[in-house]
Amino acid sequence: MAMKLLMLVIFFAIMVSVGIYARKHATSVDGYVLGGRSVGPWLTAFAYGTSYFSAVVFVGYAGQFGWKYGLASTWIGLGNAIIGSLLAWVVLGRRTKVMTQHLNSKTMPDFFGERYESKALKITASAIVFIFLVPYTASVYNGLSRLFGMAFNIPYKYCVIGMAVFTGIYVILGGYMATAINDFIQGIIMLGGIVAVILAVLNGQGGFIQAIKTMAEIPSDVPVTMGQPGAFTSFFGPDPLNLLGVVILTSLGTWGLPQMVGKFYAIKDEKSINTGTVISTLFAIVISGGCYFLGGFGRLFDVPELHDEAGNMIFDGIIPHMLSTLPDILIGIVVVLVLSASMSTLASLVLTSSSTLTL
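Because the structure is a prediction, the values reported are computed rather than measured.

1. Topic: a nonpolar patch on the surface
Now for step 1: A cluster of nonpolar side chains, contributed by W75, L78, V195, L199, F235, F236, V278, L282, I285 and V286, occupies part of the molecular surface with about 900 Å² of accessible area.
Now for step 2: Those elements that provide at least two residues to the nonpolar patch are α5 (74-103), α8 (156-204) and α12 (270-295).
Now for step 3: Among the elements that make up the nonpolar patch, the one with the highest residue count is α12 (four residues).
Now for step 4: Take I285: it is sitting in helix α12.
Now for step 5: With a relative accessible area of 36%, I285 lands in the partly exposed category.

Written out as structure tokens, the structure reads:
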């Protein structure tokens, strides 16, 4: 417990310090909302990736889709990298940067208002962004609180309050630049954390080959497999069509999310967009691919406590239960990993929705 608490204290101290450091960039509206439109490719790429992947992906989606599709759920992560990151940067990156700079717009509703000379459209878009980012934020809190409950036995409401306070401190102090620098630090933690967790979980199952062998032996009378033996270790899983639907759903959605597209408003120049495209895609392959790959082994951890009274699987409990079998030091890394993923997404959501409404 002491080790886990120490890691948390260090993490929060760094976040607040970055907020104080970034205050010099937040001396104007443009500086606060967009970092003065001078953010480099590494910071922008990591900010995009960490806003994309949060506790929702790590705890919720990875558990749910890993349970349904087995190892084939890794395709969702690869789809996120190709469609949600690579194509989004190629199609939207340069165009968004050029147009928003030309129109001097700071947010997506701001852009709509200037581009179509419609104040009504601007106000409507602002309302939509502000209202509908609230449930998105709630889902991030939910994923995080489950993991905190497993690691520290902290009640849900205290976890929510603590997250809000610390995220608020560095967002209010340093604006976009503070979130971008913190996203970079949190992104590095996520990269190291996901690799360590996958290796530890597979090692606990006797190694990769043994884990695959055990997965392949799951009875083919499970309804979703339709009698196909080894369905959960097959190339496209037991339900390829629905798997394709999930890939499209989780990848194309990012193209319209204001907290994602807003990253292109702030990037320094067109050359940075080419560099950022490569970094963002590689980041997504490791993080998203790793999360869904890990979730694909979920059926190896099936226990009665993960089912409700009707016998249905509680998907949000799969990954926390899987991780509860790890040594304390690794649980500490996982907590910081999910905290990093969640706080970066929260900061991005808060900054986007609040600045959108205010402006």
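2. Observations regarding the pattern of salt bridges
Now for step 1: The tally for this structure, following the rule as stated, stands at four salt bridges.
Now for step 2: For the salt bridge of D30 with R37, the shortest nitrogen-to-oxygen distance reads 3.7 Å.
Now for step 3: You can call R37 buried: its relative accessible area is 8%.
Now for step 4: A salt bridge links K213 to E217; its shortest N-O distance comes to 3.3 Å.

3. Quick notes on the packing of aromatic side chains
Now for step 1: In the structure shown here, the tally under the stated rule is 18 aromatic pairs.
Now for step 2: Look at Y52 and F53: their rings are 4.1 Å apart centre to centre, the planes differ by 10°, and that puts the pair in the stacked class. The burial state of Y52 is the same as that of F53; both residues are buried.
Now for step 3: In this structure, R115 is placed above the aromatic ring of Y116, and the distance from its NZ or CZ to the ring centre is 5.1 Å.
Now for step 4: Note that R299 overlies the ring of W67, its terminal NZ or CZ placed 4.1 Å from the centroid.

Here is what the cut-offs are and how they apply
Within every chain, residues take consecutive numbers counted from 1 along the sequence as written. With pLDDT at 70 or above as the cut-off, local features in this predicted model cover only qualifying residues; side-chain atom pairs require 80 or more to be listed or tallied, and sums for whole chains, interfaces and linings still use all residues. Neither water nor hydrogens contribute to the side-chain values; these are computed over all heavy atoms in the structure. What goes into a patch is any residue over 30% in relative accessible area without a salt bridge, connected to like charges within 9 Å or, for nonpolar side chains (Val, Leu, Ile, Met, Phe, Trp, Tyr), within 5 Å. In these tables, accessible area is a Shrake-Rupley quantity obtained with a 1.4 Å probe, and a residue counts as shielded only by the protein chains included in the view. The rule for a salt bridge is simple: a side-chain nitrogen of Lys or Arg has to be within 4 Å of a carboxyl oxygen of Asp or Glu. Secondary structure elements follow DSSP: runs of H or I of four or more residues count as helices, runs of E of two or more count as strands, with numbering from the N terminus. Residue exposure (1.4 Å probe, protein chains only): buried if accessible area is under 20% of the type maximum, exposed if over 50%, otherwise partly exposed. The aromatic pairing rule takes the rings of Phe, Tyr and Trp, using the six-membered ring of Trp, and pairs them if the centres are within 6.5 Å, calling planes under 30 degrees apart stacked, those over 60 edge-to-face and the rest tilted. Here, over-ring charges are defined by two tests on the NZ atom of lysine or the CZ atom of arginine: distance to the ring centre within 6 Å, and angle to the ring normal within 35 degrees.

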